[in-house]
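One-letter residues, chain by chain:
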Amino acid sequence: QVQLVESGGGLVQPGGSLRLSCAGSGFTFSSYAMSWYRQAPGKERELVAVIGRTGGNTIHADSVKGRFTISRDNGKNTVYLQMNSLKPEDTAVYYCNSYIAPNYYWGQGTQVTVSS
């Protein structure tokens, strides 16, 4: 079955960096776009970034543009989110996502906390 497993979250000071990873299994990873979402306490889940099947096309939310970068390694069935210049408002649970018709699949999430 389809599985998405995130890792790499943690506590970081403002201005710091983290790299999130999401390992996919149970499907042909290279055939699907992958996304990162996040959900802060009391807020709706929001799209952070999307990457196409080959990694050549990416979209980043305005709130993270220039600070976060999504990438993928199809040989390792893994998608990454490099997060630089982190701000307290980036604090959230970060989820990996893929749409494999007719279902959306989600990982369990990884907590990112930005605080001094």
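Residues numbered from 1 in each chain as written. Predicted model: local features only at pLDDT ≥ 70, side-chain atom pairs only at ≥ 80, totals over all residues. Heavy atoms only, no water.

Participant: Kindly report on the overall build of the protein chain, identifying the contributing residues and their values.
Facilitator: Broken down by element type, the protein chain carries 0 helices and 11 strands. Ordered by position from N to C terminus, the α and β elements of the protein chain give β-β-β-β-β-β-β-β-β-β-β. Taken over the C-alpha trace, the protein chain has a radius of gyration of 13 Å; the compact-globule value for 116 residues is 13 Å, and the two agree within 12%. Considering only C-alpha atoms, the protein chain reaches an extent of 40 × 25 × 20 Å along its principal axes. With 116 residues in all, the protein chain has 40% of them scored as buried. Counted over contacts in the protein chain with a minimum sequence separation of 6, partners at least 24 positions apart contribute 52%. Accessible surface computed for the protein chain: about 6200 Å², of which carbon and sulfur atoms make up 46%. Within the protein chain, one finds 10 positive and 7 negative side-chain charges whose respective centroids are separated by 5 Å. (Helix = DSSP H or I, 4+ residues; strand = E, 2+ residues; numbered from the N terminus. Rg over C-alpha atoms; globule rule 2.2 N^0.38 Å. Buried < 20%, exposed > 50% of the residue type's maximum accessible area, 1.4 Å probe, protein only. Contact = heavy atoms within 4.5 Å. Areas by Shrake-Rupley, 256 points an atom, 1.4 Å probe, with all protein chains shown as cover. Lys, Arg positive; Asp, Glu negative; His and termini not counted. Charge placed at Lys NZ, Arg CZ, Asp CG, Glu CD.)

Participant: Account for the state of the cysteines, naming residues and giving values.
Facilitator: Within this structure, the stated rule accounts for 1 disulfide. Paired by a disulfide, Cys22 and Cys96 hold their sulfur atoms 2.1 Å apart. For the disulfide bridge between Cys22 and Cys96, the dihedral angle about the S-S bond is near -80°, and by the sign convention the bridge is left-handed. Within this pair, whereas Cys22 is found in strand 3 (residues 18-25), its partner Cys96 is found in strand 9 (residues 92-100), the two being separated by 74 residues in sequence. (Disulfide = S-S within 2.5 Å.)

From the geometry alone we can't say anything about function, so treat these as descriptive.
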